Amino acid sequence: MKKLLSLRVMVLLFFVAGTLLVGCNQSGKTEGDKDNVVVIGYQKNCPLVILKSLGTLEERLEEIGYTVEWKLFQAGPALLEALNAGSIDFGRTGNTPPIFAQASNAPIAYVSAGKPKFKGSAILVPEDSPVESLEDLKGKTVAFAKGSSSHYFTVKALESAGLSYDDITPAFLPPGDGRIAFETGSVDAWTVWDPYTASAQIDADGRALVDGERYTTDRDFFIATSTFASEHKEALDVLLNEIQRSSDWANENHDELIPMLAEELGISEEAVEMAVTRRVYGLDPLTKDIIDEQQSIADLFYELGIIPKKLNVRDVIPD
């Protein structure tokens, strides 16, 4: 019961935080700002950092009268809070933060999906851990970021082994804190995504109990405010086109991409190489199968009491 209450509180706090952020927050965008400034939220471990580093978007948007402002966020939920507040226009996140955002009535719109990257998500245990199967996680402490793609992955993996969410003790930790807890033995297992997975495997004797295959596609989603999606379609089209172009460059130029990301992320080139070679960058249209997958996440979280109401994901997908 305490777990369910804490997760309901999370959704409430999401809404309250977004309300408090209206007018001025991390991005500094206010109601008086001009409409021709596109404010983009990004995380260091996401495809948008590649686009930002290449610098092509600024040139393309300038041609149609827009400028770009970039704002860094540490995690998807905080980025979605900023979208809720209208302090950024566009961002990328994992598959579960948009569910929480919709549950808090945030004015968001899905505008595109990323490629599957389940090979880079894993439930990790120390190399010498006695845990050899998902069934062995019963009674163990598992770290993952609350409201993240790893949250969903953990629940689905447990279900496949005949375990419930109540059979583990969750430790809600962002990736940086999760890594510390994993290395110090404060938790028995850690569910996380690349490049954190690869870094733990290469540099911290992490062993993948399972990866995301069969449990989650672990797609990225590109999200805009509903206002930006409806009123700035030309700029949005340019933005998505440049994301695809930068993704094509990333897929074809690992020799340049790896050192660039290693410096940006502060992790070894060996770990970055593992991460980028087991994924494909790029966009997918919001097909029925992809929408249905998001709906299944929303339905599961409602059934578990993690979100307070039943959602229709299609309600926040533009026509």
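S.K.: An account of the sheet that holds strand β8 (residues 189-192) is needed here, citing residue identities and associated values.
M.R.: Strand order in the open sheet formed by 5 strands is β7-β6-β8-β5-β9, with mixed pairing between adjacent strands. The open sheet has two edge strands, β7 (169-172) and β9 (206-211), and neither has a second partner. Adjacent strand axes in the sheet meet at a mean angle of 30°, parallel and antiparallel pairs treated alike. Across 3 bridges, strand β5 (residues 122-126) lies against β8 in antiparallel orientation. Paired with I123 across the strands is T191, a residue of β8. In this fold helix α7 (residues 175-184) packs onto β5, β8 and β9, with an angle of close to 155° to the strand it touches most, β8.

S.K.: Mind laying out the packing of helix α2 (residues 47-54) against helix α10 (residues 233-252), listing which residues take part and the relevant values?
M.R.: Between α2 and α10, the least distance of the axes is 9 Å, while the angle of their chain directions is 90°. With respect to each other, α2 and α10 are oriented roughly perpendicular. Two secondary-structure elements touch here, α2 through L48, I50, L51 and L54 and α10 through L239, E242, I243, S246, W249 and A250. Tallied by class, the residues present in the contact of α2 with α10 amount to 8 nonpolar, 1 polar and 1 charged.

S.K.: Give a detailed account of helix α8 (residues 196-203), specifying residues and quantitative values.
M.R.: Among the residues making up α8, those that are buried are T197, A198, S199 and A200. Once α8 ends, the next one or two residues include D205, with phi positive near 55°.

S.K.: Run through a negative patch on the surface, naming residues and quoting values.
M.R.: Together, D203, E269, E270 and E273 make up a negatively charged patch on the protein surface. Relative to the assigned elements, E270 resides in helix α12 (residues 269-277).

S.K.: Describe the pattern of salt bridges, naming the residues involved and giving the relevant values.
M.R.: By the definition in use, this model includes 19 salt bridges. Between K156 and E159 there is a salt bridge, and its shortest N-O distance comes to 3.6 Å. Linking K156 with E159, this pair stays in helix α6 (residues 149-160), spanning 3 residues, or about one helical turn. Accessibility expressed as a relative area gives 39% for E159, which makes it partly exposed. In this structure, E183 engages R179 in a salt bridge whose closest nitrogen and oxygen atoms are separated by 2.5 Å. Residue E183 and its partner R179 are both found in helix α7; the two are separated by 4 residues, about one turn of the helix. A relative accessible area of 48% places E183 in the partly exposed class. In the salt-bridge network here, residues are joined through shared partners; they are R92, K117, D218, D220 and R279.

Scoring rules and cut-offs
Residues numbered from 1 in each chain as written. Predicted model: local features only at pLDDT ≥ 70, side-chain atom pairs only at ≥ 80, totals over all residues. Heavy atoms only, no water. Pairing = 2+ DSSP bridges. Helix = DSSP H or I, 4+ residues; strand = E, 2+ residues; numbered from the N terminus. Axes fitted to C-alpha atoms, helices over the stretch in contact; angles between N-to-C directions. Contact = heavy atoms within 4.5 Å. Parallel < 35°, antiparallel > 145°, perpendicular 65-115°, else oblique. Nonpolar A, V, L, I, M, F, W, Y, C, P; charged D, E, K, R; others polar. Buried < 20%, exposed > 50% of the residue type's maximum accessible area, 1.4 Å probe, protein only. Patch = residues over 30% accessible without salt bridge, like charges linked within 9 Å, V, L, I, M, F, W, Y side chains within 5 Å. Areas by Shrake-Rupley, 256 points an atom, 1.4 Å probe, with all protein chains shown as cover. Salt bridge = Lys/Arg side-chain N within 4 Å of Asp/Glu carboxyl O. Lys, Arg positive; Asp, Glu negative; His and termini not counted. Charge placed at Lys NZ, Arg CZ, Asp CG, Glu CD.

Don't take any of this as a statement about function, it's just geometry.
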